[in-house]
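# Coordinate inspection notes
Next come the chains, spelled out residue by residue.
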Amino acid sequence: MMQKILDDVFLLTVPIPYDFGNVNCYLIKGKRGYTVVDTGDYTEEAIAVWQKVISEGLVVEKVVVTHAHTDHIGLAGWFQQQFNVPVWMAAKSYAELNKIRAQFINEKYFNPHALFLVRHGGPLFRKQDNRFHQYKSYQFDPDMVFDENEEIPLGDYSYNTIWTPGHSPDHFSFFNEKNQVLFVGDHILNSINPIVICNGEGDNPLKDYLQALEKLMQCQAKYVLPGHGEPIPDLMARIELMMSHYQKRWNQTYDAINEQGSTAFEVSQQVYGRNLSQERAGSAFYQTITNLTYLESLGQVKIAEKEGKIYFYQNS
Ligand SMILES: [Zn+2]
């Protein structure tokens, strides 16, 4: 089940309980065992995959995570508690984990963005009761935290920690210059543009995302290994394609705003259609808020508030 990617890098794809199907967990071989980059969700299916490779003799030295989304950190606590494996994460991810944990205590399983989404014209999402794995994913504390632009060991090599916010505010990529290996998490995927999530008013995550993309463009990376899907064979070509896709989306988003003003939810239905699964409609809605916020920061779109809701207008 472990697939060899490079001499010292192996891939284990672990099922996740939603859309993408799988998350890529990388295992980097070292003298003291394997460093695991990202773990999968806290689900029985994911645990079964790990248990199998561990029963076959896999020794895990430590777990390192790219960001605090459940498909990436979900089993970090499980590794720590079951096998005494130390967990490393960015200080920013630890802060994010603490924030999410506090939300679970206050309003168990409630979407913390609910009121923000209502202000953007969306429906009031009901309390979610199917998120046990999310709750479980956050029940641990890291053994080691790192900041940006530090060197951390993955296997026997040293990797630079690059802060790449956008997909999530705490997202990190890891780069080894000598071997030209870049673990890029969910910042760049090979077949789709990853969702860039706006977490609240005042956020402009797409601006952060694009700045982080520029940082990655400085990396002379030959092996670009993402959190989902296939490796990225040509980083610059992939970024170029992503940018042309964004340009198209920004145009569609701008054109979807009507003269009386539109909420982000209306724009999202116009751009992405109305017949999406709840999950995809949710992603489309988040991405539309992100795109409109970015266009507003460029001066292409204006914002006004009416009866507690946020409306966007073309700035012609
Ligand atoms: Zn992910």
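In the nomenclature of an unreviewed UniProt entry, the protein chain corresponds to MBL fold metallo-hydrolase from the organism Neobacillus kokaensis.

Of note, Asn84 is a non-glycine position whose phi angle comes to about 60°, a positive value. Of note in this structure, Gln180 is not a glycine but carries a positive phi near 55°. Mapping Gln180 onto the fold places it in the loop between β10 (172-176) and β11 (181-185). On the basis of relative accessible area, Gln180 is assigned to the partly exposed category, the value being 28%.

Looking now at the nonpolar core. Formed by 38 residues in total, the largest nonpolar core has its most connected members in Leu182, Ile188, Leu206 and Tyr209. Put simply, the parts of the chain that give this core at least two residues each are α5 (114-119), β11, α7 (205-217), α8 (235-255), α9 (264-272), α10 (278-297) and β14 (309-314). Element by element, the count of residues in this core is highest for α10, at six residues. Dropping the residues within four chain positions of it, Leu206 is found in contact with Val196, Tyr246, Trp250, Thr290, Asn291 and Tyr294.

Those donors, Asp71 (OD), His72 (NE2), Asp186 (OD) and His228 (NE2), are the protein atoms that reach the zinc ion, and they lie 2.0 to 2.4 Å from it. One can describe the donor arrangement at the zinc ion as irregular, given that its four donor atoms subtend angles of 86 to 166° at the metal. Counting gaps between the donor residues of the zinc ion yields the pattern D-H-x113-D-x41-H. Remark: His228 occurs in the loop between β12 (223-226) and α8 and His72 occurs in helix α2 (residues 70-73); sequence separation between them is 156 residues. Judged by relative accessible area, which is 4%, His228 ranks as buried.

Attention shifts here to the packing of aromatic side chains. Across all of its chains, the model carries 13 aromatic pairs by this definition. Ring centres of Tyr159 and Phe183 lie 5.6 Å apart, and the angle between their planes is 45°; this geometry places the pair in the tilted category. Note that Tyr159 is positioned in strand β9 (residues 157-163) and Phe183 in strand β11, a separation of 24 residues in sequence. Both residues of the pair, Tyr159 and Phe183, belong to the buried class. Pairing Tyr209 with Tyr246 gives two aromatic rings, centres 6.4 Å apart and planes at 50°, and the pair type is tilted. Residue Tyr209 is located in helix α7, and its partner Tyr246 is located in helix α8; the two are separated by 37 residues in the primary sequence. This pair shows no difference in class: Tyr209 is buried, exactly as Tyr246 is. Among the aromatic residues, those joined into a ring-pair cluster are Trp50, Trp78, Phe79 and Phe83. We note Lys306 situated over the ring of Tyr311; from NZ or CZ to the ring centre the distance is 4.4 Å.

Calculation notes
- Starting afresh in each chain, residues are numbered from 1 along the sequence in its written order.
- In view of the model being predicted, local features appear only for residues whose pLDDT reaches at least 70, and side-chain atom pairs are presented and counted only at 80 or more, with totals across whole chains, interfaces and linings using the full set of residues.
- For the side-chain quantities, the full set of heavy atoms in the structure was used; hydrogens and water were omitted.
- In DSSP terms, a helix is any run of H or I states spanning at least four residues, a strand is any run of E spanning at least two, and both are numbered starting from the N terminus.
- Categorising residues by exposure relies on relative accessible area from a 1.4 Å probe, with only protein chains included: less than 20% of the type maximum marks a residue as buried, more than 50% marks it as exposed, and the intermediate range marks it as partly exposed.
- Nonpolar core, defined: a set of buried Ala, Val, Leu, Ile, Met, Phe, Trp, Tyr and Cys residues in which side-chain atoms within 4.5 Å join the residues together.
- By the convention used here, residues are in contact when the closest approach between their heavy atoms is within 4.5 Å.
- Shown as donors are all N, O and S atoms within 2.8 Å of a metal ion, widened to 3.2 Å for Na, K and Ca; because water is not in the atom set, sites may appear incomplete.
- Here a site with four donors is tetrahedral if all angles are between 85 and 135 degrees, and a site with four or six donors is square planar or octahedral if opposite donors are over 155 degrees apart and the other angles are between 65 and 115; anything else gets the irregular label.
- Planes of paired rings set the category: under 30 degrees apart is stacked, over 60 is edge-to-face and the rest tilted, where pairs are Phe, Tyr or Trp rings (Trp by its six-membered ring) whose centres lie within 6.5 Å.
- Remark: a charge is flagged as sitting over a ring if the NZ atom of Lys or the CZ atom of Arg is within 6 Å of the ring centre and within 35 degrees of the ring normal.

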